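Notes for the structure review
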Amino acid sequence: MKNIVVLISGSGSNLQALIDACASSDIPDARISLVISNRKAAFGLVRAQSATPPIPTDYLALAPFLKGPEIATDDGSTRPRTRADYDLQVARMVVQHGRPDLIVLAGWMHILSPEFLDVLEGKTAVPPPIQPAPETSASTTATPARISPKIPIINLHPALPGAFDGANAIQRAYDAFQAGEINKTGIMVHYVVQEVDRGEPIVVKEIEIKKGEELKELEARIHQVEHVAIVEATKKVLEGIS
Ligand SMILES: Nc1nc2c(c(=O)[nH]1)N[C@@H](CN(C=O)c1ccc(C(=O)N[C@@H](CCC(=O)O)C(=O)O)cc1)CN2
Ligand SMILES: NCC(=O)N[C@@H]1O[C@H](COP(=O)([O-])[O-])[C@@H](O)[C@H]1O
């Protein structure tokens, strides 16, 4: 049984597609072992907790984390927390609570730092907790100091490769269509590398933009295609993991 850890920030409709696909064995021999959100109000957390059986969840937000107690340094002094410290704690939660074979970013609206990727690639050790782990429904178990083999990370992005990297891609594609610059958009699921949305594509689906349609109509059509693509890509990557 392969473990999938899903990172979210919002509604979780793509998480729901993965939950349903694992339940129906559209994705065979796999389960979502943990869902992590960087936003407490993410409805995706409710979707996970409402699943049968309930899926363990964790939550860690960047802003409150950065305001936490300073971190002890080797020379006995202390230093403010950084974005990299946050990412390392997320990496620890992913590995220790989720024990993943695959990590899926499904609307995870946070750019992951090299420190996070280094842990999941086995280049650096899984860091210790800075403080007692936050409230979580997930169990904590010991994990190897360094990951081996590397754990793949994939991301769902609502644009074609190289088209609209980053946030607000659907709006930007819609605006470009209105300006006569493009006549189609699309979505992709790609491997995650440090350069945002520039990892190798796994699944790419083109989507026509219809003249006169509202942004919300385009968004709805895009989300429908995403729900298929994220399952297709997850299944494809898991098939390649021995
Ligand atoms: N190192 C990588 N990290 C992430 C990738 C990636 O390919 N490499 N994909 C993104 C997902 N994403 C687009 O697909 C994306 C998400 C968020 C942002 C962004 O600008 N985030 C801001 C905060 C925005 C907010 O909190 O609303 C930020 O992180 O400062 C860009 C692209 C996930 N991570
Ligand atoms: N750059 C990343 C990005 O924009 N991701 C997008 O967030 C949405 C999450 O929806 P969901 O929470 O309903 O799954 C999806 O449209 C996904 O493509």
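Residues numbered from 1 in each chain as written. Chains lettered and ligands numbered in written order. Predicted model: local features only at pLDDT ≥ 70, side-chain atom pairs only at ≥ 80, totals over all residues. Heavy atoms only, no water.

As for the overall build of the chain
In terms of regular secondary structure, the chain is built from 7 helices and 9 strands. Structurally, the chain occupies a C-alpha span of about 65 × 40 × 30 Å along its principal axes. Out of the 242 residues in the chain, the part that is buried amounts to 47%. Accessible surface, the chain: about 11,900 Å² in total, of which carbon and sulfur atoms supply 53%. The chain carries 24 positive and 29 negative side-chain charges, and their two centres are separated by 2 Å. (Helix = DSSP H or I, 4+ residues; strand = E, 2+ residues; numbered from the N terminus. Buried < 20%, exposed > 50% of the residue type's maximum accessible area, 1.4 Å probe, protein only. Areas by Shrake-Rupley, 256 points an atom, 1.4 Å probe, with all protein chains shown as cover. Lys, Arg positive; Asp, Glu negative; His and termini not counted. Charge placed at Lys NZ, Arg CZ, Asp CG, Glu CD.)

Concerning the sheet that holds strand 8 (residues 184–191)
Strand order across the open sheet formed by 7 strands is 3-2-1-6-7-8-9, with mixed pairing between neighbours. Either end of the sheet is taken by a strand with one partner, and the two such strands are strand 3 (57–59) and strand 9 (201–208). Sheet twist, expressed as the mean angle between neighbouring strand axes with direction ignored, is 20°. The sheet contact formed by strand 2 (residues 30–37) and strand 3 spans 3 bridges and is parallel. In the strand pairing of strand 3, Ile-36 is matched with Asp-58. Contacts from helix 7 (residues 215–239) reach strand 1 (2–8), strand 2, strand 6 (102–105), strand 7 (153–157), strand 8 and strand 9, with the element oriented near 160° to strand 9. (Pairing = 2+ DSSP bridges. Axes fitted to C-alpha atoms, helices over the stretch in contact; angles between N-to-C directions. Contact = heavy atoms within 4.5 Å.)

Digging into the site of ligand 1
Every one of the 19 residues lining ligand 1 counts as a neighbour, but Arg-39, Arg-83, His-110, Asn-155 and Asp-197 are closest to it. The contact in question runs from an oxygen atom of ligand 1 to an N or O atom on the side chain of Arg-39, over 2.8 Å. Interatomic distance of 2.8 Å between a backbone N/O atom of His-110 and a nitrogen atom of ligand 1. When the free accessible area of ligand 1 is taken as 700 Å², the share hidden by the protein chains comes to 78%. (Near = heavy atom within 4 Å. Polar contact = N/O pair within 3.5 Å; in protein donor to acceptor, adjacent residues only side chain to side chain.)

Here we look at the site of ligand 2
Around ligand 2, the surrounding shell holds 13 residues, and the nearest of these are Gly-12, Ser-13, Asn-14, His-223 and Glu-226. One nitrogen or oxygen atom from the main chain of Ser-11 is found 3.3 Å from an oxygen atom belonging to ligand 2. His-223 is positioned with one of its side-chain polar atoms (N or O) 3.4 Å from an oxygen atom of ligand 2. In isolation ligand 2 exposes 450 Å². Once the protein is present, 85% of that is buried. Mapped onto the shell around ligand 2, the elements with two or more residues apiece are helix 1 (13–23), strand 7 and helix 7. The class makeup of the residues in the shell around ligand 2 is 3 nonpolar, 9 polar and 1 charged. (Nonpolar A, V, L, I, M, F, W, Y, C, P; charged D, E, K, R; others polar.)

Focus: the side chain of Thr-185
When you line up the elements, Thr-185 lands in strand 8. When its relative accessible area of 3% is taken as the criterion, Thr-185 is described as buried. Those residues in contact with Thr-185, other than ones at most four positions away along the chain, are Pro-158, Ala-159, Leu-160, Ala-173, Lys-205, Glu-206, Ile-207, Ile-209, Leu-218 and Ile-222.

So, helix 1
Looking only at helix 1, the buried set comprises Asn-14, Leu-15, Ala-17, Leu-18, Ile-19, Ala-21 and Cys-22. Where the residues of helix 1 are buried, they touch strand 1, strand 2, helix 2 (43–49), strand 6, strand 7 and helix 7. Directly after helix 1, the chain includes Ser-25, whose backbone phi takes a positive value near 65°.

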